[in-house]
Each structure stands twice: as C-alpha cells, then as structure tokens.
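Take a look at the letters that make up each chain.
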There are 2 protein chains.
Amino acid sequence: MIQNMTENQITLYIIKTLKENKKKDFDVILDELQPYDIAQLYENLPEKHQPRFLLFLSVDRLADLLEELNKEKQLEVLNKIGKERTGKVLDEMDNDDLALLLDELSPEKIASLLSGMKKSESQIVQDIMNYPPETAGRIMTNRFVWIRDYYSVKAAVEKLKIFAEYAETINYLYVIDQHRKLVGVVSYRDLLIAEPHEKISDVMYERVIAATVTTDQEEVARMVERYDFLAIPVVNEENVLMGIATVDDLIDVVIQEANEDIEKLSASGKSIDFDTKAFVAAYRRLPWLILLLFIGILSGGIISGYEQTLEQVVALTFFMPMISGMTGNTGTQSLAVVVRGLISNDINKKVVTKLILREFFVGLLIGLTCGILISLIAYFWQGNAVLGLVVGVSLFLTLIIGTLAGAVIPLILYRLNIDPAIASGPLITTLNDIFSLITYFGIATMFISYLT
Amino acid sequence: MIQNMTENQITLYIIKTLKENKKKDFDVILDELQPYDIAQLYENLPEKHQPRFLLFLSVDRLADLLEELNKEKQLEVLNKIGKERTGKVLDEMDNDDLALLLDELSPEKIASLLSGMKKSESQIVQDIMNYPPETAGRIMTNRFVWIRDYYSVKAAVEKLKIFAEYAETINYLYVIDQHRKLVGVVSYRDLLIAEPHEKISDVMYERVIAATVTTDQEEVARMVERYDFLAIPVVNEENVLMGIATVDDLIDVVIQEANEDIEKLSASGKSIDFDTKAFVAAYRRLPWLILLLFIGILSGGIISGYEQTLEQVVALTFFMPMISGMTGNTGTQSLAVVVRGLISNDINKKVVTKLILREFFVGLLIGLTCGILISLIAYFWQGNAVLGLVVGVSLFLTLIIGTLAGAVIPLILYRLNIDPAIASGPLITTLNDIFSLITYFGIATMFISYLT
C-alpha cells in the first residue's frame, strides 16, 4: 500500500494512527520510510502531534531522525524526549554527527547531554571533539569492521556477518596488526571470490590509501573522488587505525566546500541560508560591504586627484563605469578559474608558470578585442578620435593587468598558505579598481591637450 | 615492499621492469595500485616506455586506466593498443564512462570504435547515448544485481556471490517482477541478518527511491546526498529497471555542478581549466566581457544624460565607483545565497515570501548602516552637508534595490525554468548599475541648487 502513497497521504495517515493511538499501524508505515523521509514527516507534523510521534519512535529511529535535522531542531527533539531517552539516543547516534551537534554548545549543556550516555560512548565523542574542525578526525566514525592479518577468509566473513548491522560500510574490512596498526584492506567482494581457507594477509591490498586524523576534510573528499572509494580509513601519527570516513559524509563535505568557495568569491559572508534571520544575515554581510565602501572612497580619492582633467573633459566620466566594471570582471573570471583549479590540480612550478603565461595571453587577446571595439564606439559616439584612442589603450592595458592580477594573487595567497578564495575576491576588486582608474586618468592626463 | 615506496620510486621501478622485460615483477607492483595511481604512473612515464607499458596491462586494467584519463589521452591510448584490443577494452569499460568518451566524437569515429565490440555491449552504449546529456540515463551503469521477488534470501545471496565481481555495488539488490518492473530493494546487509529461508518479498523495502532515465543528474545527486545511499536505481517511464547510478559518479556530478555555478556566477565562461589553451579560454570568456562592455556604454549613456549636473558638481564623480560597486556587490551576495539555496531547499510560496521579506530587511539594515556612514564621510571630506545627504540617501536606496534584485531575479528565472545562475550574474550587474546611476544622479539633480 505505502509504496504508492504521496507524502501528504502518509502524513495524514500517520496523524490518524497517532490520534487513535495505533502504534502497530504506525510502525508498518515507518518501516518503509528512510531517515530523511521520517525527518520530513516530523517537520510537517502539527506541533500538537509531535510528542506522541517521538514517543512512538524507537531509540534507533530517534537517532536516525536526529541525524537528519539541523541543530536547532535536534535540541528541540532532545528536550521533548526527556533526559533518560536522550542518553540512549545519543549512544546510538554516529559519533561524528553527535560531535557536530555538541560543537559550539556551552560546556554545561554538553556535560548535561553527555551525562546520560554510556561512559565508553561519551568518551569517544569527547575524543573526536578534540580534533581541529574540518579534519578527518572530526568526520570519522568508529563503526567499521577490523580483522587481523592472520585470519582466514572464512573467519573474516564470519566476523563481518556478526558486525554487519553495526558497521557503516560492509564493503571494506580493514586489516590491523597486534598494535592496532593499519596494515591492509580487503574488500568484501574480494572475500566472496576468494577461497575460504586463504589467509587474509595473502589476499589483502597492502598499499592502503589512508588519511590521518588531521588531514583536511576537503583533502579526504578529494581522495574519495579520485579513487572512487566508499570509505577511507583514518589513522593517527603512529598509523593506528582510529576510524573511517564514509562517502555519504564526504558528499556533504564537497557541497559545503563548494558553498564556502562561492560565499568567499561573492563575498557573501559566512553560512547564510534560507533560514538565517535578517539581522544575522546583515551582520555577516556587512564586513565586506563596509570594506568595499572604504575601497570606493579610495577610488574616489584617486579620481579627485584628477579633478582638473575631469573638469576639462567631462566625457571621460562616461567611460569610467565600463573600464572599472570590465577590469573587475576579467579579474573575477581568472580568480574563479584559479580557485577551482587549485582544488583538483597538483600545484608545482611548471604548472604555475604555464598558467600565468596562459592568463597573460588571454589578457592580451581579450584586451586587444575589447580595446579596439571600445575605441571605435567612443570615436563614433563622442566624435573625438583622441578620446577613442585614450579609452581603447586604457582598456587594453587594464584588461591585461586585471586578468593577470586575478591569476597571480590567488596563487601567491595559496603559496603563503592563505585560502585564496577568502582574500582575493575583495582584494582583486580593490586592486583592479585602483589600477584601472590610475591607468585611465593617467593616460587621459597625458593627452589632455589633444582632448579639449 | 611496495607499501612504503614513493610514487617516484614506483615509476623508476616500473621503468626498470619494462626495460628488462620482466612482466612478473611488473604485475606484482600493478596488483597493489589503484586505477587512479596507474593513470598517474602512465602519464608520468617517458613516451618511449608507454607502448610496452600498455602491452603489459591486461584488458581489465586497460579499461580501468581509460576510465581515469581525459578524453584526449583516452583516444591516444586506444590508438596505441590497436583495433583488436580496443574492442575488448571497450567491452570491459563501464557503459557510462564509454558513452562519455564517445560523446562529441564524429559518427565515423564512433562507428569505428564500436565495430570491434561485442554486439550486446555496443548496443547498450548506443542506447545510453540516446538519453539527453546530464540525465540519470547518461550516468547509469548496467552492472547491478537484480533478483526476483519470489526468491528466498538464500537464493539471493547465492546470486549476489556469483555476480559480485561484475557488479558495481554489492550493497543493494534490486527486486523486479516478471515484467522487469522495479518492485523493491533489499540491502545486502539486511540479507546477512535475515533467515535464509525467508522470502525476498517479505524482507524488501517496497517504497523504493528511484530516478527515471530523464531525471536531471543534479537531482539524482541530491537524492543520494539526502538519503545517504550508495546507489540509486534508474527506471524508464514504465517503471522498468534500466540501470543504477552510483555514488562515485554522483560525487563527480556534485563537483561539476558546483563548478558550473561558480563559472556562471563569475561569468567566467564554460569549462575553463588549467589545461585550456589561451585562445580557447579567451574565446569562451569574451562573450560576457563584450556584453559587459555594452552594459558599460549604457551606463555611460545614462551618465551623459546628467552631463550638466556633473559639470556643475564634479565631486559627484568621486562617489560613483563606490555606489555602483556597493550595489553590484550586495546584489551578488544575495544572488549567491539564493542560487545555492535553490539547490538544497524545496521551493514553495511560503519559502519565497519569507526569503524576499528577509532580503528586504537585510537591504534595509545594510542600507541604513552604510548610508549613514558614507553621509558622514562625504560631509567631512567635501565639507558639504547636502552632498553628504545626497550620497547617503542614494546609497541607502540603491542598497535596498540591489539586495532585492539579487534575490528576486534568480527566483523569477527559476520559476520560468531558466537556470538562475546563468542569467543573473550579468543581468544583476547591469540592472544594478542602471538603478544606482539613475537613483544617484536623479537625487543629485533634484538638489542641484543646494549642491553648488
């Protein structure tokens, strides 16, 4: 029945089971839903039905539900289910999701939440929270299956079967030695094909691709993308296996990092989404805008230095927005290419030299095309050949400078270990504005006697 | 030995085995490498060693290697291994990767490549290529395991074991009825836990999350991200199971789509990476720049309409770059928030109303802050209170307009089924430039008698 019901029908049916207190019918539906669907269902439920809904959910399902909600909603649910069940639910949650939930809460709140948990589970979470944010240590889970190198294939399969329910992935078994050091990996598929009596050390891969606890999460995502793995083992400095990072979490990382790049490139401020309050969003966006305001004043200061030139030829003003707009835009274009390229390319001297040369030629080609075009337009519009020449040559030069700046500045920042996206958006806008105004008015002032 | 060798050492060792014609030693190393590593190795190898390297590789490994290379290199390899082996290698390749390779080749080239393949395999590829680009049909693979609903758990496990080597994922078995229609899914983990004699129809999920062949690949990626699945089944209009889309391909989709958004938002032109030739990059970037050039002329035209005002108060020019820069930037900020938000949110009237109201308040707050700030700066700099007021009020208004435009325009485009990212970057820049100039000079002209 359920496979053909729409979301709305399911919600109505669930409300009916809640009203009539029919837990069995409720469970029949819930059995067919994915955690994401259960979360959607919960969020769509009228508030008055939510307490019984939560009461009807098993501890397992509550843990699944929590993992799909945002932090605000998570705390709301925990509040509603009471302290005792909270402890049990947190025990069931994935450690990495729990660490994310606790992150940024007050120490008292954290202590109160952890107090209801099993000692062993809460210890693991506290360990995870000690790793720096956005590292492999933070996103790893301890729900993996390990085997010893002397196991037979048969013994390994037996162990996997026992832990299948508990493990996040059954695709790989990680092989450790007596010191818990990672020495190999074997896929479950390989086990199915191998002879039962073979030794694990004979069938395993020994060249294991692994991350360390402090590896940047973006780097881990890159490994998964390159190798098409479903999980990556995470080790500490002594090569002791600490956990695994799974592909479902890494997809979230890829999306988060792409959003961060877009936020930085558009200077739109940290993490604003559809649910952010207006006041918070304005507060996060203002720093860049105020910076830009002062940059604008700086540009104004430069223009005021050429006040005399401007008074003589007001028509120079007409081309100002075009020149600074074009220079800014060509810089942003180069910037976007370089920032995204830095993610997927290995960077060395050869690559950098080739890239800078390429951008120079791009600037040259773009500058020539647009410079000639605007010369002609300016000449026919204002009927002044010298003005056309001044505007054309200025645009030609500023486009080359703008293109190069957009490529070179992020590379320098990358070299200095500063995230290129964060600093270069506004930085390039500033520099390109200043370059373009100085070039334009400088050239115009040189030719001022021919312009009037 | 190999687990501790660096990439360089491996390359040198491989060259040695090639020179000395030691295929056995070669295979020992290759057994431990991942496809990505083999591709890196191949690309780092001096050209003279490449033919024997390819000769030493098995057909399976050649297929793996091809899947990691870009199109240019793929064709190079196929050329080197000759027609007969090409057919065998293409038979082994994943259909979706092969379809991608053939895409955009000339019909003669495609025919020549397919001619060496098995009829059944080449037919599948040709079918895939008939689906529109960037749909589920294009990225699905036929390497999945299906079972019938009347199977026992034991029979299903047996079948999976037989097809384990062939399947892309062993995590899920898809359940079909006698008409090959998708009726359920069961995870291999569930099978391990279930009793061997239970019937599949009793243990399977019936509410299957599936994509159709024409579902946009971005939507499929979103499903995988939401549900944390490792694969999504793909059906045709009659619900017949055609293939599966796997998470490794969908990670690539997520990255590709994020890059496309960045390209469009920064108007940097389609697919420029570090390897793009200067001429091609310039050609791809020019359309936007030329568009911007004409927008710039349009702005110039507006300014020229206020020539008299400008001649009387040249100082008005000083604040032009600031006002248009700020308006453009606040628009881009809103745009970025909305474009990324559209990906992960369900859009309905309630959400849209809330969002537009939110952005209006953001614009108000930002406008008030920056407007007051610039009024004071302009007053102290130019010693003219009316000028300060004109600049402040203008900025206040343009920031509200700019913020709203950045939110409303992508929403309208989304409603009209136009990709909001592509059109709004340049569109918002234009409109905001025009709004801000008209507002600024309009207000200035109203107060011109007090300004001089």
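Residues numbered from 1 in each chain as written. Chains lettered and ligands numbered in written order. Predicted model: local features only at pLDDT ≥ 70, side-chain atom pairs only at ≥ 80, totals over all residues. Heavy atoms only, no water.

K.L.:
I'd love a proper account of the environment of A:Thr17, names of residues and values included.
P.N.:
The topology assignment puts A:Thr17 in helix 1 (residues 7-19). Once the C-alpha coordinates of A:Thr17 and A:Phe53 are considered, the two residues, 36 residues apart in sequence, prove to be 9.6 Å apart. (Helix = DSSP H or I, 4+ residues; strand = E, 2+ residues; numbered from the N terminus.)

K.L.:
Account for the interface of chain A and chain B, with residues named and values stated.
P.N.:
In this assembly, 116 residues from chain A lie in contact with 116 residues from chain B. Together, the buried faces of chain A and chain B total about 10400 Å²; carbon and sulfur atoms form 68% of this surface. For the interface between chain A and chain B, the tally reads two salt bridges. Put simply, A:Glu359 and B:Arg285 hold a salt bridge, and the shortest N to O gap is 3.1 Å. With 19 residues, helix 16 (residues 278-305) of chain A is the single largest residue contributor to the side of chain A that touches chain B. Residue composition of the side of chain A that touches chain B, grouped by class: 66 nonpolar, 23 polar and 27 charged. (Contact = heavy atoms within 4.5 Å. Buried area = accessible area lost by both parts, 1.4 Å probe. Salt bridge = Lys/Arg side-chain N within 4 Å of Asp/Glu carboxyl O. Nonpolar A, V, L, I, M, F, W, Y, C, P; charged D, E, K, R; others polar.)

K.L.:
Kindly report on the packing of helix 19 (residues 349-382) of chain A against helix 16 (residues 278-305) of chain B, identifying the contributing residues and their values.
P.N.:
Following both chains from N to C, one finds helix 19 of chain A and helix 16 of chain B inclined at 30°, their axes separated by 9 Å at the closest point. Accordingly, the angle class assigned to the pair helix 19 of chain A and helix 16 of chain B is roughly parallel. The two elements helix 19 of chain A and helix 16 of chain B cross, and the hand of that crossing is right-handed. For the contact of helix 19 of chain A with helix 16 of chain B, the class distribution of residues is 19 nonpolar, four polar and three charged. (Axes fitted to C-alpha atoms, helices over the stretch in contact; angles between N-to-C directions. Parallel < 35°, antiparallel > 145°, perpendicular 65-115°, else oblique. Left-handed = near helix turned anticlockwise from the far one by under 90°.)

K.L.:
Give a detailed account of the packing of aromatic side chains, specifying residues and quantitative values.
P.N.:
Taken as a whole and assessed by the stated rule, the structure comprises 31 aromatic pairs over all chains. For the pair A:Phe360 and A:Phe361, a centre-to-centre distance of 5.8 Å together with 65° between the ring planes defines the contact as edge-to-face. Grouping aromatic residues by their ring pairs yields a cluster made of A:Tyr36, B:Phe144, B:Tyr172, B:Tyr174, B:Tyr227 and B:Phe229. Sitting over the ring of A:Trp146, A:Arg180 keeps its end group 5.8 Å from the ring centre. (Phe/Tyr/Trp six-rings, centres within 6.5 Å; stacked < 30°, edge-to-face > 60°. Lys NZ or Arg CZ within 6 Å of the ring centre and 35° of its normal.)

K.L.:
Tell me what's going on with the UniProt feature "transmembrane region" (unreviewed entry) in chain A, and back it up with residues and numbers.
P.N.:
Residues and elements named next belong to chain A. Listed under "transmembrane region" (unreviewed entry) in the UniProt record, and renumbered for this structure, are residues 286-306, 318-339, 360-381, 387-413 and 434-451. In residues 318-339, helix accounts for 91% and strand for 0%; the two terminal C-alpha atoms are 33 Å from one another. Secondary structure across residues 434-451 divides into 94% helix and 0% strand, with the first and last C-alpha atoms of the span separated by 23 Å. (UniProt positions renumbered as here; feature names shortened; annotations may be inferred.)

K.L.:
So, a negative patch on the surface: which residues are in play, and what are the values?
P.N.:
A cluster of acidic residues, A:Asp60, A:Asp64, A:Glu92, A:Glu165 and B:Asp190, forms a negative patch on the protein surface. Taking the relative accessible area as the measure of exposure, A:Asp64 reaches 33% and is therefore partly exposed. (Patch = residues over 30% accessible without salt bridge, like charges linked within 9 Å, V, L, I, M, F, W, Y side chains within 5 Å. Areas by Shrake-Rupley, 256 points an atom, 1.4 Å probe, with all protein chains shown as cover. Lys, Arg positive; Asp, Glu negative; His and termini not counted. Charge placed at Lys NZ, Arg CZ, Asp CG, Glu CD. Buried < 20%, exposed > 50% of the residue type's maximum accessible area, 1.4 Å probe, protein only.)

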